[in-house]
Amino acid sequence: MTTIASPLAPRATALEVVQGTNLIGKTAVITGASSGIGVETARALLSAGASVILAVRDTGKGEKIAAELRESTGNQNAQVIELDLASLAQVREGAARILAVAPAIHMLINNAGIMATPQGQTPDGFETQFGTNHLGHFMLTQLLMPALLAAAPARVVALSSSGHRRSDIVWDDIQFERRPYDRWDAYGQSKTANALFAVGLTQKYGAQGVTANAVHPGGIMTGLQKFVPVEEQRAMGWQDESGKLNAVFKTTEEGASTTVWAATSPQLEGVGGLFLEDLQESTPLDPQNPDPMFGHKPYARDSESAARLWALSEELVGLN
């Protein structure tokens, strides 16, 4: 089976991905766009002429980033809207603010995320990582669906991670109510949910012109690692004693490239339900010879699991 791949090198930058692309008249919403790869995703889309809504928790920080992006890209169409994905009430309010200024959304990039957090619950009683990384984005996307359908063909990009390999969905105890909490298992489960969300959305809305793909951006050192002590990062081989990063880590500009490719490339027009990494379609991990740096677990693209998670998510957030 032929896989889809960009002609660019795996470590090309987001700006290289959009070179020659005209996004004038297109609107993008990016969650978590006030730091890390979210900023570089916004920069690339703005540089190609898109109007970009930075949906962020910290609007003060977001406004500073938006001002820098306007100046560096020459595109004034960057605006900030408050969005807290950990609270369903806040998601509703944020979605309403977005719809008020963007009746048509061509690209929704579910970029925000948290990783390896201490055990906790969202205000709605969900395990923190599952509730924020998956359910918050699920709710947001559903509420913004009228604007996505109005812009069809439209695309949703769901940021997953190689961390999805750590855990499938543990259906009988998603919220860690009975099993011991493991912050990496919880993160892995949430990233599997992000990947299955892309499959489920495409199954549900693909025929109406809205598709979604999951993206593993690669290893990038950003604020995402704030709950991982330096000693643990060294033990996992992320950095050495001097603080030098492992060569596999990408820059933020490189880390945003697959997201931007998923959102803009003609190669992916009308294509959904894929797992993308390194500017190409990922392939299933070979259990006999797994490449630690490339490939996804088959459960992250299972269509039955995607449908089951979709139905459960609708029930959990009260949208069914």
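Here, the structure is the one placed above.
In this report, we go over the structure that sits alongside the text. (Residues numbered from 1 in each chain as written. Predicted model: local features only at pLDDT ≥ 70, side-chain atom pairs only at ≥ 80, totals over all residues. Heavy atoms only, no water.)

As a further point, take the side chain of H164. Of note, H164 is situated in the loop between β5 (154-159) and α6 (183-205). Ignoring anything within four residues of it in the chain, the contact list for H164 reads G188, K191, T192, F275, G295, H296, K297, Y299 and A300. (Helix = DSSP H or I, 4+ residues; strand = E, 2+ residues; numbered from the N terminus. Contact = heavy atoms within 4.5 Å.)

For the rest of this paragraph, the subject is the packing of aromatic side chains. Applying the stated rule across the entire model yields 6 aromatic pairs. Measuring from ring centre to ring centre gives 6.2 Å for F138 and F197, while their planes differ by 75 degrees; the resulting arrangement is edge-to-face. Taken as a pair, F138 in helix α5 (residues 128-151) and F197 in helix α6 lie far apart in primary sequence, 59 residues in all. Across the pair, F197 and F138 agree in class, each one buried. (Phe/Tyr/Trp six-rings, centres within 6.5 Å; stacked < 30°, edge-to-face > 60°. Buried < 20%, exposed > 50% of the residue type's maximum accessible area, 1.4 Å probe, protein only.)

What follows covers helix α10 (residues 303-317). Here α10 contains 15 residues, and its C-alpha end-to-end distance of 21 Å stays within 8% of the 21 Å for a straight helix at 1.5 Å per residue. Buried within α10 are the following residues: S305, A306, L309, W310, S313, E314 and V317. Against α4 (88-101), α5 and α6 lie the buried residues of α10. Where α10 begins, one side-chain oxygen reaches toward the backbone nitrogen of E304, 3.2 Å away; that side chain belongs to D302. Directly beyond the C-terminal end of α10, a positive phi value near 80 degrees is found at G318. (Expected span 1.5 Å × (residues − 1). Polar contact = N/O pair within 3.5 Å; in protein donor to acceptor, adjacent residues only side chain to side chain.)

Our next topic: the pattern of salt bridges. One side chain can pair with another of opposite charge once the charged atoms of both are near each other. For the coordinates displayed, the defined rule picks out 8 salt bridges. The closest approach of N and O atoms between E40 and R43, which form a salt bridge, is 2.9 Å. Taken together, the positions of E40 and R43, both in helix α2 (residues 36-47) and 3 residues apart, correspond to about one turn of that helix. Owing to a relative accessible area of 16%, R43 belongs among the buried residues under this scheme. Each of E40, R43 and E68 takes part in a single network of salt bridges with overlapping partners. (Salt bridge = Lys/Arg side-chain N within 4 Å of Asp/Glu carboxyl O.)

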